[in-house]
Amino acid sequence: MDKGSPKAILLKDYVAPAWWIDTVDLSFDLHEGETIVTARLGIRRNHEVPRGPLVLDGQELELLSVAVGSRPLGPDDYACTPDHLTLNDLPDDGAVVEMVTRIHPESNTALEGLYKSSGNYCTQCEAEGFRKITYFQDRPDVMATYRVRVEANRQAYPVLLSNGNLVDQGDAADGRHWALWEDPWPKPCYLFALVAGKLVHIEDRYRTRSGRDVALRIYVEPGNEDKCGHAMESLIKSMRWDEEAYGLEYDLDIFNIVAVGDFNMGAMENKSLNIFNTKYILARPDTATDTDFLGIETVVAHEYFHNWTGNRVTCRDWFQLSLKEGLTVFRDQQFSADMNSAPVKRIQDVTRLRQVQFAEDAGPTAHPVRPESYIEINNFYTPTVYEKGAEVLRMYHTLLGAAGYRRGIDLYFARHDGQAVTTDDFLAAMRDANPDRAVDWDQFRRWYAQAGTPAVSGEGTYDAPSRTYRLTLRQTLAPTPGQPDKRPMLIPVSMGLVGPDGRDLPLKLAGEDEAVTGTRVLALREAEQDFTFTGVAASPVPSLFRGFSAPVKLSFDYTDADLTFLMAHDSDPFNRWEAGQTLAARLLLGLVADRAAGHDMIVPASFVDAIGQTLSRAGEDPAFTALALTLPSENYLGQLMGVIDVDGIHAARELVRGTIGRSHRASLLATYHGNAGQGAFSVSPEAIGRRAVKNAALAYLMAAGDGEGRALALAQYRTATGMTDVIAALALIADSDMPERADALSAFAAKWRQEPLVMDKWFMIQATSARPETLAEVRALLSHPGFNIRNPNKVYALIGAFTGNAVAFHAAGGAGYEFLADRVIELNRLNPQVASRMAKAFARWRNYDAERQAAAKVALERVAHTPDLSRDVYEIVSRSLEG
Ligand code: ZN
C-alpha cells in the first residue's frame, strides 16, 4: 500500500448521524454506456446530536448537479471529494436534496453497486455498495421509504423491478418503457435493489395465516424456467415454517427472486426483491447434486427469514452484522433440520464450523462475533460472524429452552420492530423475557466479545462406595490478535451419563432433590469446575456436549474402549458420530507420528472392526452411516497438529481408506448394491441418504485400489442419470490414473459446456484431485473457454477449490502459493471482494514447516507490495503477515 495504510473503523467511535433521511426518490435512466441516477432525499435534522453538515458517501460517481429544494447549488455551496459530498447550512426544519450522478454499470467488475450480469442490470448494495449508485449516508441506521422509477429500452430490458409494490408503468419515447415501484417499509439502503433485463419467470402463490395473498415469482434467464421448481417449493416451505416456528408472517403482496450468474456471495435479502446467485436457485436432477438441492433449500430460507431478522429489525452499524447473520443462520439451520434429518444436519453444520470457523479462530484473522474494528467490512462476512454467530443463538436456545428462547424472540420484535439495533439489545430482550432464569448474562456476553475457540478438557472419577461420579471440566481460551488476556466463558454443557448397559443414567447433582433421566445442561463458568453426581449406580461413560452444545474443542480422557462404547450406545446421535470421529482422528494422528518417526504405519484391527460395525448398521440409517464412514478431513486433522504434516496426513488417511476398502470389500459391495437404483428420482432425506451411503461405499471400494471399484465407478459414471451419482463417480475417476480418465472428463465437458453451474463442478473435481499433476492442470484450465476469472463461481470452483486441496496447494516447493499470489494480484484489480476471499487461504501459513513458511511469506509479501492494493486484500494480507 503506497498511499499510507487505510484507516480502521472502530465500534467505539459510533455516533448517530446529524441528519436522518426519511424518504428516497430515485430515478434510473439506463442507457448503453451510462446510467443517469437522480436522487431526491427527504432529510430531517437529528436533534439528539449536535448540529453538523450532511455528509454523504459516494464512490466512483460523477456528480452532474446538486440542488436543495428548488435551488441549484454552485460548486462553492458544497464540498465534493472522491469519497464524500458535504452540504453545509441546510435548513433546520428539513429539506429535499436532489442530486444527479452518472455511473457505468457495464464496466463494473467488482459486482458491487449497479452492474451487469449476462447483459442484465442488477444491484448488490450490502454492505456499502449503495454509495456506488448515488451519494447517500451509506450506513444501516439511516432508514427510509423508497420510491424508484426505472426506465430502459423495452426490447432489451422487458423486465423492470425494484423493492415493494409496482404502482405504475408505461411507455416512453425511443422504444423505452418505465416502471414505478414503492416500498412502504422503511429500510436501510443496503436493502435497495433494482433489476432490469430479459428474464422469464415462474409464479406461485402463498396465503399467509392471516389471509394475505402473496404472489411469488422467480426470475431467470430464458432456458432456465425448468430449473426453478425446487427453489419455489423451498420458498413456500420457508414461509409456512416461519409462521409456525416463530410466528412471523410476510408483510407485502409480492415476493420476487432474481437469479444472476455473476454474484460475489450466495444471495441477498433485498426487501421483496431477493437477488440470488444462480447456484442457489437452479436445479434439475440431471444438473444438480443432492448437496445443491439442500443448499438451495437452506439459502432460499435464509434470505426469506431475513425479512424479519435483518430487514424489519436491522443492524445499527456493521459491527452488529451477526445480529442478523448469526440469528438468520441459526433459523435456517433449524428450518433445514425440521425439513430433513436433524442429526444429519447438525453433523454437517458442525463439520463445516470446525473446518472453516475453527481454522479462522486459530489464525491471524481471528475476530470476535461482534468485531471491534475493521478496515473493509466486506472482509467480515466470515464463518465467525455467520456460523459461530449461529452457535451463540443456539446457546441462548440451549440455556433458555425452546419456550424461553421464543419469549425472548417475541420481546425482541415487540421492542425493536422498525429499528436499527445492536447485539446488546438482542441479549437484553432474551434476558428480560426470562427474568426467572439464573443466567449470568454479563458472562454470556463474552461470546460476542472474545475471539478464539475455547478448549475444554477434563476427566471423571467414579467412586463405587459412595455411588458418586465427579466430573471435572477445565476451560482455556488462547490469546488472539489484539486480545492477549481472556476471561472464562459461560459454556453450556449438554450431557448425560451412559451406564454399562448403554442406557442413560439418572442425573442428580449433589444437593439436588430429584434426578433427571437423559440429558441435562450444566453451566461451565469457571476456569475449572467440578460437578458431582450422586446416586450413580455404576461407573458411567460421560457423553459431553451432546448435539455440540457449545463451539469448543473438547479433549476428555476417554479410552479407545470408551469411544467405541459411545459410538455404539450413546442416545445422542451427534455424539455417536462424534465418538467415531474422535477415535479416527486419534488413530490417524498416531499414524502420522509413526511415519514422521520413520516407522511403518500399521492400521489397528480394532479400528477396522469398528468401521465394520458401522457398515453392518448401514440399513438402519443410511444418511447417518455415510457420515459415520467419512474420516475427518485432511484440513481438520491439520488443525489438530502444531506443525501441519501435509504429506503425512494424506498418506495416513489414504492408507486407512485403502485398508477399509480391502478389509470390508464384501459389505461395501452389499451396501453399494443395496442402495443403488431406488426407483423414481427424489430428493427426500431417505433417497439422499441412500445415495450418500452408496457413494461412500464406492469411494472405499475405489480406495482399495483394484479393478472392482474402478469398474463400478466407470459403470456408474456412464449409466447414472442423476448428477449426484454422475459427479460422485467422475470425481473418483478424476482423482485416479485410470486410462478412461481423460475421455470421461472431456465427454462431460462436451455434454455440459452450455451449463455454467455444471461446468463449475467439472472445474472443481479437477482442482481437488490429489494427483501430482493437479497444479499444472489447474493452470491450464485458466485458459479453458468455460473459465472466466470475472465470474466468482468460476473462481471459487477452480482457484478456491484448489486452495482447499491440502496436498496440492501446500505442496513442498511453494508452487501452489506462487500460483495463488498471481491470481490474487489479478483479481485485486477486477474484484476486490473475491480477491480477498482467495487471499484468506494464506492465513494459516505459520502452521506449516519452515520451508513452506518461507515460500508462503514470499508470496504474501509479493501481494502486499502490489500497486493499488484494495483495502479488502490489504487488510487480509497485512494481518496475515503481522499475526
Ligand atoms: Zn444472511
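Relevant structure appears above.
Summarised in this report is the structure supplied together with it.

Thresholds applied
Residues numbered from 1 in each chain as written. Predicted model: local features only at pLDDT ≥ 70, side-chain atom pairs only at ≥ 80, totals over all residues. Heavy atoms only, no water. Helix = DSSP H or I, 4+ residues; strand = E, 2+ residues; numbered from the N terminus. Contact = heavy atoms within 4.5 Å. Expected span 1.5 Å × (residues − 1). Donors = N, O, S within 2.8 Å, 3.2 Å for Na, K, Ca; no water. Tetrahedral: all angles 85-135°; square planar, octahedral: opposite > 155°, others 65-115°. Buried < 20%, exposed > 50% of the residue type's maximum accessible area, 1.4 Å probe, protein only. Pairing = 2+ DSSP bridges. Right-handed = clockwise from strand over helix to strand, strands pointing away.

What to know about the side chain of Ser-336
Reasoning step 1: For Ser-336, the location among the structural elements is in helix H3 (residues 321-339).
Reasoning step 2: Those residues in contact with Ser-336 that sit more than four places away from it in its chain are Glu-297, Thr-298 and Lys-345.

A few points about helix H10 (residues 573-596)
Reasoning step 1: The terminal C-alpha atoms of H10, which comprises 24 residues, lie 35 Å apart, in line with the 34 Å expected from a rise of 1.5 Å per residue.
Reasoning step 2: At the exit of H10 stands Gly-598, carrying a positive phi of roughly 85°.

Topic: the coordination of the zinc ion
Reasoning step 1: Distances from the zinc ion to its protein donors, His-302 (NE2), His-306 (NE2), Glu-325 (OE) and Glu-325 (OE), fall within 1.9 to 2.7 Å.
Reasoning step 2: The coordination sphere of the zinc ion comprises 4 donor atoms, whose angles at the metal cover 53 to 161°; the geometry is irregular.
Reasoning step 3: Read in sequence order, the donor residues for the zinc ion give the motif H-x3-H-x18-E.
Reasoning step 4: Take His-302: its relative accessible area is 6%, and that puts it in the buried class.
Reasoning step 5: Of the residues examined, His-306 reaches a relative accessible area of 0% and is grouped as buried.

What about the pairing of strand E17 (residues 200-207)?
Reasoning step 1: Pairing of E17 with strand E18 (residues 213-220), which is carried by 8 bridges, proceeds in the antiparallel orientation. Bridge pairing in E18 links Tyr-206 to Val-214.
Reasoning step 2: Between E17 and E18, which pair antiparallel in sequence order, lie 5 residues; one of them, Gly-211, sits at a positive phi of approximately 95°.

Here we look at helix H11 (residues 605-616)
Reasoning step 1: The terminal C-alpha atoms of H11, which comprises 12 residues, lie 16 Å apart, in line with the 16 Å expected from a rise of 1.5 Å per residue.
Reasoning step 2: Turning to H11, its buried residues number three or more, namely Phe-607, Val-608, Ala-610, Ile-611, Gly-612, Thr-614 and Leu-615.

Brief notes about the pairing of strand E19 (residues 254-260)
Reasoning step 1: Burial within E19 is extensive, with 7 of its 7 residues counted as buried.
Reasoning step 2: Side chains of E19 alternate between two faces, with Ile-254, Asn-256, Val-258 and Val-260 and Phe-255, Ile-257 and Ala-259 buried alike.
Reasoning step 3: Where E18 meets E19, 5 bridges bridge the pair, whose relative direction is parallel. In the sheet register, Leu-216 faces E19, and the bridge partner there is Phe-255.
Reasoning step 4: Between E18 and its parallel partner E19, the chain crosses via helix H1 (residues 229-246), and the hand of that crossover is left-handed.

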